[in-house]
Amino acid sequence: MLEALQVEPDARVLEIGTGTGYSTGLLCARLGDERVTSIEYDQDVAARARAALARLGMYPTLVTGDGLLGYEEGAPYDRVIATCGVRTLPQAWIEQTRPGGIILATIGGWLAASELARLTVHDDGTASGPLLGGQVSFMLARPQLPPPLGLLPDLSAGVERKAIVGADVLDDWTTRFVVQAAVPDAQRLTLTQDGQEQHVLVDVDSGSWAAMREQDGRWTVRQDGPDLLWDAVEDQLGRWRASGAPPLEQCTVHITPEGQTIRW
């Protein structure tokens, strides 16, 4: 990841997620302590990293707090690197990176598929760049973890139809990454009801859900709620396949004040 970050001499780097301090130490050795700022959410983890770095004679700026907010006091940065996953790239990281600077972060979602993205910040405050591939996975930043599922919906409600694609498409990492952009607030679970396996997507906030089941090689889907989750999955997957199902390395992430999009 540090190679992919394309760190240049004299660069100022903000690291999100100090962890053990290992990559922080590498950055200090490469750039000097004064050019490295690292943020860790967990106080105990941050204290251990601080002690480990001090034993090596390294004293970068170490901050305990919410890394999604960045660290404005040290801005602007030439490089930002995150060792936690995010669903959407925080606007603060873009605002605290100089135009032409690079942000390297793992973008993923609640369907458990993520990819490393290298974004360049532009003069107009937007950012864009390619996915690097490799199925890189980190724990999501704690404020972006999914909410508890709570009570499961009544899967006998809703409307049933023949599914265009079955829930088995979600067994593939790339497919999950593609479709989770269409249902970003959905969580996936599998349960058995009346002796039959049900593959369920649930959006806790909206109350929408979709339940897929297979019988004799054919899939059906039953959906309810304000958003038809499996319709959105099938539409997204259909458009991706119509484009030739390009590999994720050919996809780009674009971030504007209006939001984040992934294009292929």
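This one's a predicted model, so the numbers in the text were calculated from it and none came from an experiment.

A. Quick peek at unusual backbone geometry. Following Ala75, the chain continues into Pro76 via a peptide bond in cis, with omega recorded as 5°. Phi angles above zero are rare outside glycine, and Asp10 is one such case at about 70°. Within the fold, Asp10 resides in the segment before β1 (13-16). Relative accessible area serves as the criterion here: at 55%, Asp10 is assigned to the exposed category. Residue Asp216 is not a glycine yet carries a positive backbone phi of 55°. For Asp216, the position within the fold is in the loop between β11 (209-215) and β12 (218-224). The class of Asp216 is exposed, set by a relative accessible area of 75%.

B. Structural detail: the sheet that holds strand β4 (residues 77-86). Taking strand neighbours across the sheet as the criterion, the nine strands line up as β3-β2-β1-β4-β5-β6-β7-β13-β14 in an open arrangement whose pairing is mixed. The strands lining the two open edges of the sheet, one partner per strand, are β3 (61-64) and β14 (259-263). The average angle at which neighbouring strand axes cross in this sheet is 15°, direction not considered. Note: β1 against β4, four bridges, orientation parallel. Note on β4: the bridge partner recorded for Leu14 is Val80. Against the sheet, helix α1 (residues 22-31) makes contact with β1, β2 (36-40) and β3, and its axis sits at roughly 175° relative to β1, the strand it touches most. On the sheet, helix α2 (residues 43-55) packs against β2 and β3 and is oriented at approximately 165° with respect to β3.

C. Region of the structure containing the state of the cysteines. Counted under the stated rule, the structure contains zero disulfides. Cysteine Cys28 is unpaired, with the sulfur of Cys84 as its nearest cysteine sulfur at 19 Å.

D. Local environment of the side chain of Glu40. Locating Glu40 in the fold gives a position in strand β2. Of the buried charged residues, Glu40 lacks a salt bridge, with Arg142 as the closest side chain of opposite charge at 5.3 Å.

E. The nonpolar core, seen in detail. Counting 49 residues, the largest nonpolar core has Ile16, Leu89, Trp93, Leu201, Met212 and Trp230 as its most contacted members. Not counting the four nearest positions on each side in its chain, Trp93 is found in contact with Ile16, Gly67, Leu68, Gly70, Val80, Ala82, Val86, Ile103 and Ala105. Residues Leu5, Leu27, Leu31 and Met58 belong to the second largest nonpolar core, which totals 16 residues.

F. Representation of the pattern of salt bridges. Summed over all chains, the structure comprises 10 salt bridges. Salt-bridge contacts for Glu160 lead to Arg213; the nearest nitrogen and oxygen are separated by 3.2 Å. On the criterion of sequence distance, the pair formed by Glu160 in strand β8 (residues 159-162) and Arg213 in strand β11 is long-range, its members being 53 residues apart. Two residues, Arg161 and Asp231, come together in a salt bridge whose shortest N-O distance is 2.7 Å. In this pair, Arg161 is assigned in strand β8 and Asp231 in helix α5 (residues 229-242), connecting sequence segments 70 residues apart. Judged by its relative accessible area of 30%, Asp231 falls in the partly exposed class. One connected set of salt bridges, linked through shared partners, spans Glu160, Arg213 and Arg222.

Conventions we followed
Residues numbered from 1 in each chain as written. Predicted model: local features only at pLDDT ≥ 70, side-chain atom pairs only at ≥ 80, totals over all residues. Heavy atoms only, no water. Helix = DSSP H or I, 4+ residues; strand = E, 2+ residues; numbered from the N terminus. Buried < 20%, exposed > 50% of the residue type's maximum accessible area, 1.4 Å probe, protein only. Pairing = 2+ DSSP bridges. Axes fitted to C-alpha atoms, helices over the stretch in contact; angles between N-to-C directions. Contact = heavy atoms within 4.5 Å. Disulfide = S-S within 2.5 Å. Lys, Arg positive; Asp, Glu negative; His and termini not counted. Salt bridge = Lys/Arg side-chain N within 4 Å of Asp/Glu carboxyl O. Core = buried A, V, L, I, M, F, W, Y, C linked by side-chain atoms within 4.5 Å.

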